[in-house]
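So you can see what is in the structure, the chains are spelled out below.
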Amino acid sequence: MQKRVVFRNRWLPYLLVAPQIAVTLIFFIWPAYQALETSFFVEDVFGFSRNFVWFENFTRLFADKGYLRSFWTTLVFGLSVTFLSMSMALALAVAANRVLKAATAYRTFLIWPYAVAPALAGVLWYFMMNPSLGILAYMLEGTFGVDWNHYVNGNQALLLVIIAAAWKQISYNFLFFLAGLQSIPKSLIEAAAIDGASPTRRFWTIVFPLLSPTTFFLLVVNLVYAFFDTFAIIHATTNGGPADATSILVYKVYSTGFVGQDYGSSAAQSVILMVLVIAMTVVQFRFIERKVQY
Amino acid sequence: MVENRPLAAILTHVVLIAGIVFLCFPVWVALVASTHPGEALQRSPIPMWFGDQGFANYSQLLREGVPAAGGVPLSTMMLNSLFMALGITVGKIAISLISAFAIVYFRFPFRMLFFWLIFATLMLPVEVRILPTYDVVASLGMLNSYPGLIIPLIASATATFLFRQFFMTIPDELVEAARIDRAGPLRFFWDILLPLSRTNIAALFIILFIYGWNQYLWPFLITTDQDLYTVVMGIQRMVNVGEGVPIWNYTMGTAILAMIPPVLVVLVMQRLFVKGLVESEK
């Protein structure tokens, strides 16, 4: 945690941490506290007075069908994005790990989407799936007779944002899986091969279990990404619609607070989300501590 | 490769090529669409090969922007994005370096409290505290300003941890030597720690630049002045044009322009990027 040999100075260390601590207190801790406080009040329509209502904002939220539905949407969205992007990335990483020739070229073509902003990923897929002129919507119609219209069909809209969010995340997962695969000792795999284990069997009995620290780490990171960083994808494309079909929890905080101006409810939603992130961060860090001994 | 299986070798390449096609196809479609006149993109199927309007479209975008979406020139938006990205990157690196230095190389009361405060920023993404943070920035008079775009985002637990981790690996003998030579803490920081941290700073720079450039929600909340729009956020105004239909050739051109700088950074500095990504996440 700290050096054995340190410098001695009464005020310098405080000066050095001051900028970071100032930003943290003003723009992180204080707003978070404000959200916590506001979540216990109900404000009148004109914003003149507010009443302390204990947990009414929370009980109202959990009685609200729309909010519960948003929980469900978030869960479906998060799990689908995580599963899709991780499984595709794993397949690609396993393949890239086998290739000897042109490995760098392949890697180059696979990692660049990391740099594409979620909002742009959303817009790209929004265009390709556009019901009247999107090229994929056209192909779906022509080949499978699917009538694609995410403007009216909620499930299709959800599928659209899931694909866009997963597409953007593949590169990230790919790089971590590749690093994980490269750290597995070759001798283990060779030994299994000598014992006559087929490649499939070697993968499921040796490679996949040894990858589990990476897999678990990515699982948490991807869920956090899907729950929080995908706001831009939804805001830039479907706007939570149609009929709230793509309104995930972070989008709901925004729409309740900024569009609907219901501050108490928005703050209560913020608090619920904070609890969620804190729980996920704790899981992530506890796991990392275990990985150090691994 | 352990054994020779031609079928598996072929399958490997098929998987990789399929993956690349899946990743590149959306950008291909966007690139092609951005080179056509607006009329070509009004009915299905849209062309899959380049048109001849590429130059005209891009110069219109860069010089005048899209009139239906406010007509802010993309050159202005991209410059704003650049300022914001660089400001966030430099700010995060600077304040993280010095706070990691303080936490590792000094013993002082409340040291652990400060450490946990910085750690707490990881758990409070902007998305979950939108309204109160907006209020704070508004009451500080920082709406519609570069400081407002940059400063609230420059606290960084990740960068601080990365530097702390790295400082811990630097041998204590260096500090002892510096002290024998009567170098003070600042001299040690400047002449020894900074040069040693160069690679880490460079790797982190790439990751943070991408993070800064791709900000969406924050600029969207605090800029109402068109002259301060960033490009990643600005595209949303072209997609959601209310009654009208988005002008797709311009929208796709904007998407392409908005992704060029960060993608270029990743491709050109690939090795550093991979190092920065894998290490900053530990």
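For the structure itself, look to the data block above.
Residues numbered from 1 in each chain as written. Chains lettered and ligands numbered in written order. Predicted model: local features only at pLDDT ≥ 70, side-chain atom pairs only at ≥ 80, totals over all residues. Heavy atoms only, no water.

A.B. asks: It is not clear to me how the interface of chain A and chain B should be interpreted in this structure. Could you clarify?
C.D. replies: Note on interface size: it is often stated as the accessible area lost on association of the parts. Between chain A and chain B, the contact holds 99 residues from the first and 117 residues from the second. The junction of chain A with chain B conceals about 10200 Å² of combined surface from both sides, 77% of it contributed by carbon and sulfur atoms. The tally of links from chain A across to chain B stands at zero salt bridges. Linking chain A with chain B are 15 residue pairs in polar contact (both at pLDDT 80 or more). Broken down by element, the side of chain A that touches chain B gets its largest block of residues, 20 residues, from helix H1 (residues 12–38) of chain A. (Contact = heavy atoms within 4.5 Å. Buried area = accessible area lost by both parts, 1.4 Å probe. Salt bridge = Lys/Arg side-chain N within 4 Å of Asp/Glu carboxyl O. Polar contact = N/O pair within 3.5 Å; in protein donor to acceptor, adjacent residues only side chain to side chain. Helix = DSSP H or I, 4+ residues; strand = E, 2+ residues; numbered from the N terminus.)

A.B. asks: Looking at this structure, how should I read the packing of aromatic side chains?
C.D. replies: In this description, an aromatic ring pair is defined by two values, namely the gap between the centres and the angle between the planes. Applying the stated criterion to the full structure yields 47 aromatic pairs over all chains. With centroids separated by 6.1 Å and ring planes inclined at 40 degrees, the aromatic side chains of A:Phe7 and B:Phe106 adopt a geometry described as tilted. Of the two residues, A:Phe7 is situated in the segment before H1 and B:Phe106 in the loop between helix H3 (74–105) and helix H4 (111–120); the pairing between them involves two chains. The buried category is assigned to A:Phe7, whose relative accessible area is 5%. Residue classification places B:Phe106 among the buried positions, given a relative accessible area of 0%. When the centroid spacing of 5.3 Å and the interplanar angle of 65 degrees are considered together, the rings of B:Tyr105 and B:Phe188 count as edge-to-face. Within this pair, whereas B:Tyr105 is found in helix H3, its partner B:Phe188 is found in helix H9 (residues 185–196), the two being separated by 83 residues in sequence. The class for B:Tyr105 is buried, based on a relative accessible area of 0%. (Phe/Tyr/Trp six-rings, centres within 6.5 Å; stacked < 30°, edge-to-face > 60°. Buried < 20%, exposed > 50% of the residue type's maximum accessible area, 1.4 Å probe, protein only.)

A.B. asks: Teacher, can you tell me more about the environment of A:Met139 here?
C.D. replies: Structurally, A:Met139 is set in helix H6 (residues 135–144). A C-alpha to C-alpha distance of 9.7 Å links A:Met139 and A:Met129, two positions ten residues apart in sequence. The residues contacting A:Met139, other than those within four sequence positions of it, are A:Phe144 and B:Phe25.

A.B. asks: What should I look at first to understand the nonpolar core in this one?
C.D. replies: Nonpolar side chains tend toward joint burial in soluble globular proteins. Counting residues in hydrophobic clusters, the biggest one holds 156 residues, and the most contacted among them are A:Phe77, A:Trp167, A:Phe174 and B:Phe273. It is helix H7 (residues 154–182) of chain A that contributes the most residues to this core, 17 residues altogether. A:Phe77 has contacts with A:Leu158, A:Val161, A:Ile162, A:Ala165, A:Ala226, A:Thr230 and A:Ile248, leaving out every residue within four places of it along the chain. By size, the runner-up hydrophobic cluster in this structure holds 40 residues, among which are A:Val5, A:Phe7, B:Ile93 and B:Leu208. (Core = buried A, V, L, I, M, F, W, Y, C linked by side-chain atoms within 4.5 Å.)

A.B. asks: So what exactly am I meant to see when it comes to the pattern of salt bridges here?
C.D. replies: When the charged atoms of two side chains lie near each other, side chains of opposite charge can form a pair. All names here are of chain A. Applying the stated criterion to the full structure yields two salt bridges over all chains. The shortest N-O distance in the salt bridge between Lys252 and Asp244 comes to 3.6 Å. Taking the relative accessible area as the measure of exposure, Lys252 reaches 11% and is therefore buried. Judged by relative accessible area, which is 37%, Asp244 ranks as partly exposed.

A.B. asks: What should I look at first to understand helix H12 (residues 249–259) of chain A in this one?
C.D. replies: Residues three or four positions apart in an α-helix share a direction because the helix packs 3.6 residues into each turn. Burial runs high along H12(A): eight of the eleven residues are buried. Directly beyond the C-terminal end of H12(A), a positive phi value near 55 degrees is found at A:Gln261.

A.B. asks: When you look at a nonpolar patch on the surface in this model, what are you seeing that I'm missing?
C.D. replies: Residue and element names in this part refer to chain B. Taken together, the side chains of Leu79, Leu82, Phe83, Leu86, Val90 and Phe205 define a hydrophobic patch exposed on the protein surface, amounting to about 480 Å² of accessible area. When residues in the nonpolar patch are grouped by element, the largest group, five residues, is from H3. Here Leu79 shows up in helix H3. With a relative accessible area of 46%, Leu79 lands in the partly exposed category. (Patch = residues over 30% accessible without salt bridge, like charges linked within 9 Å, V, L, I, M, F, W, Y side chains within 5 Å. Areas by Shrake-Rupley, 256 points an atom, 1.4 Å probe, with all protein chains shown as cover.)

A.B. asks: I would appreciate a short explanation of the packing of helix H3 (residues 65–98) of chain A against helix H10 (residues 212–229) of chain A in the present structure.
C.D. replies: To characterise two packed helices, one gives the angle between the axes of the helices and the distance between these axes. All names here are of chain A. Contact pair H3 / H10: the axes reach a minimum separation of 9 Å and the direction vectors enclose 135 degrees. On the basis of their axis angle, the class for H3 and H10 is oblique. As H3 packs across H10, the resulting crossing turns out to be right-handed. Contacts between H3 and H10 involve Thr74, Phe77, Gly78, Leu79, Val81, Thr82, Ser85 and Met86 from the first element and Thr215, Leu218, Leu219, Asn222, Leu223, Tyr225, Ala226 and Phe227 from the second. Tallied by class, the residues present in the contact of H3 with H10 amount to ten nonpolar, six polar and no charged. (Axes fitted to C-alpha atoms, helices over the stretch in contact; angles between N-to-C directions. Parallel < 35°, antiparallel > 145°, perpendicular 65-115°, else oblique. Left-handed = near helix turned anticlockwise from the far one by under 90°. Nonpolar A, V, L, I, M, F, W, Y, C, P; charged D, E, K, R; others polar.)

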